Amino acid sequence: MSLVANTGKLAGRTLFITGASRGIGKAIALKAAKDGANVVIAAKTAEPHPKLPGTIYTAAEEIEALGGKALPCIVDVREEKQVQAAIDEAVKKFGGIDILVNNASAISLTGTAQTDMKRYDLMHNINTRGTFLASKLCLPLLKNSNHAHILNLSPPLNMSPYWFSIHVAYTMAKYGMSMCVLGMSEEFKPFNIGVNALWPKTAIATAAIEMLTGDTSTSRKPEIVSDAAYIMLSQDPKKYTGHFAIDEDVVKENGIKDLTPYACDPKNVDNLLLDGFLDDPAAIGHHRHVTTASIRRYHTSTVNYSEKSEPEAQIPTLFGSISKVITPELVKKTQAVYQFNVKGKEEGVWHIDLKNGDGACGQGEPKNPPDATLTMDSTNFAEMFAGKLKPTTAFMMGKLKISGDLQKAMKLEKMMKSLKNKV
């Protein structure tokens, strides 16, 4: 649901949006289309994906249904010739390009040892190199526009070691996009080209996130990002450049007081999953081995674990309860072996085997190789198995580190639902 009214400021403007066949890129395209903008949909998806909805052609139909004009182009942003060909087509059809939105991105939230070089190259070639390439090739056309913008969907440059430590390869790739903003905003000032970054405050419900986690109830809809992007792209580029904006801040500054309609589930409006790269004391605090009484609220004070009074030996009790609810049906549904490396007061190694035989759990490493290894503090571990902390939330906040098969690790969320009332 869009809460920001269209003003017509993008009427007749041509936007070149990478990765616009679905998700945030498509949401930005549809918002601009309501003004009567021209949109170049530069994305790879020409054939329907088996699990993700939308192609460049279905996106084009939606854009034109709203009053915009669309040009679907098959573009892999890693391929210079494909990017240039799409730009040439845009010039033929629309006469130029006014706005570039660098939205295409690849993600792998893995540590150094778990990041294979093929995935590393993919992230850097799409995120950093793709953004640089599209900006470089669009530059001659942007110079000719009287309303030239580049908008990168990338985070503020937060140099806390924490954000590097949990997924250094991905952080470098996303920060490469942000560094393009930092450099190009200054470099392109003489040409009156505004160059800015936009990043969500919370998780955004896209098809990819839903496929990965199976749950978008603590996310916001993509429209909060497209509303913020619309506001930013409507600004005078001579005056508005070099900003690293957060979607929530942008819409609030535009007079939107109640953000509840953006929430996928209004009941979770105060319990939304925070996005990465922001100064979240809970996440940073965890990295420094401190904790707080509240997981979800912002807070300013932290205390050492040694200063907290918490019940002893919760984990053996938990695993005793878990053993009673493991069933052949749960094994059949899950098909995964988990190893838990628990830190803090109740340090130790535990496992749950939901793949072999009738299932098993207990202390020590599993007999069969784990599909996913999860590392977290004992306090958070207990809260996770008590249903107070979702694995997805813990992972996104940095309270949980995962190595191995991420999708199998996220199956824990569904498993928790069957354990919640009994553990």
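Note: the structure precedes this text.
All values derive from a computational prediction rather than experimental measurement.

Sheets are built from strands paired through backbone hydrogen bonds, the pairs being either parallel or antiparallel. Spatially, 7 strands are ordered S3-S2-S1-S4-S5-S6-S7 in an open sheet, and the strand pairing comes out parallel. Edge positions in the sheet fall to strand S3 (69-74) and strand S7 (244-246), since each has one partner strand and no second. When strand polarity is set aside, the average angle formed by the axes of neighbouring strands in this sheet is 20°. The sheet contact formed by strand S2 (residues 38-43) and S3 spans 6 bridges and is parallel. Its bridge partner being in S3, Asn38 is matched across the sheet by Lys69. Here helix H1 (residues 23-33) sits on the sheet in contact with strand S1 (14-18), S2, strand S4 (99-102) and strand S5 (148-153), set at roughly 170° to S1. Across the sheet, helix H6 (residues 168-187) is in contact with S4, S5, strand S6 (193-199) and S7; its angle to S6 comes to roughly 150°.

Moving on, we come to the nonpolar core. In terms of nonpolar packing, the biggest core is built from 76 residues, with Phe16, Phe340 and Phe381 touching the most fellow members. Top contributing element to this core by residue count: helix H4 (residues 117-143), with 10 residues. Residues within four places of Phe381 in sequence aside, it is in contact with Ile315, Leu318, Phe319, Phe340, Val342 and Met376. One finds Ile41, Ile204, Leu233 and Tyr240 within the second-largest nonpolar core, a separate group that totals 41 residues.

Before going further, it helps to examine the pattern of salt bridges. Applying the stated rule across the entire model yields 13 salt bridges. Lys267 serves as the salt-bridge partner of Asp265, at 3.5 Å between the closest nitrogen and oxygen. Residue Asp265 is classed as buried on the basis of its relative accessible area, which comes to 18%. A relative accessible area of 71% means that Lys267 is categorised as exposed. Taking the shortest distance from any N to any O, the salt bridge between Lys408 and Asp371 comes out at 3.8 Å. With Lys408 in helix H15 (residues 406-410) and Asp371 in the loop between strand S12 (360-363) and strand S13 (372-377), the pair connects residues that are 37 residues apart, well separated along the chain. When salt bridges with common partners are traced through the structure, they connect Lys201, Arg220, Glu248 and Lys252 into a single cluster.

Thresholds, definitions, all that
- Residues numbered from 1 in each chain as written.
- Predicted model: local features only at pLDDT ≥ 70, side-chain atom pairs only at ≥ 80, totals over all residues.
- Heavy atoms only, no water.
- Pairing = 2+ DSSP bridges.
- Helix = DSSP H or I, 4+ residues; strand = E, 2+ residues; numbered from the N terminus.
- Axes fitted to C-alpha atoms, helices over the stretch in contact; angles between N-to-C directions.
- Contact = heavy atoms within 4.5 Å.
- Core = buried A, V, L, I, M, F, W, Y, C linked by side-chain atoms within 4.5 Å.
- Buried < 20%, exposed > 50% of the residue type's maximum accessible area, 1.4 Å probe, protein only.
- Salt bridge = Lys/Arg side-chain N within 4 Å of Asp/Glu carboxyl O.

Function cannot be inferred from these measures alone, as they are strictly geometric.
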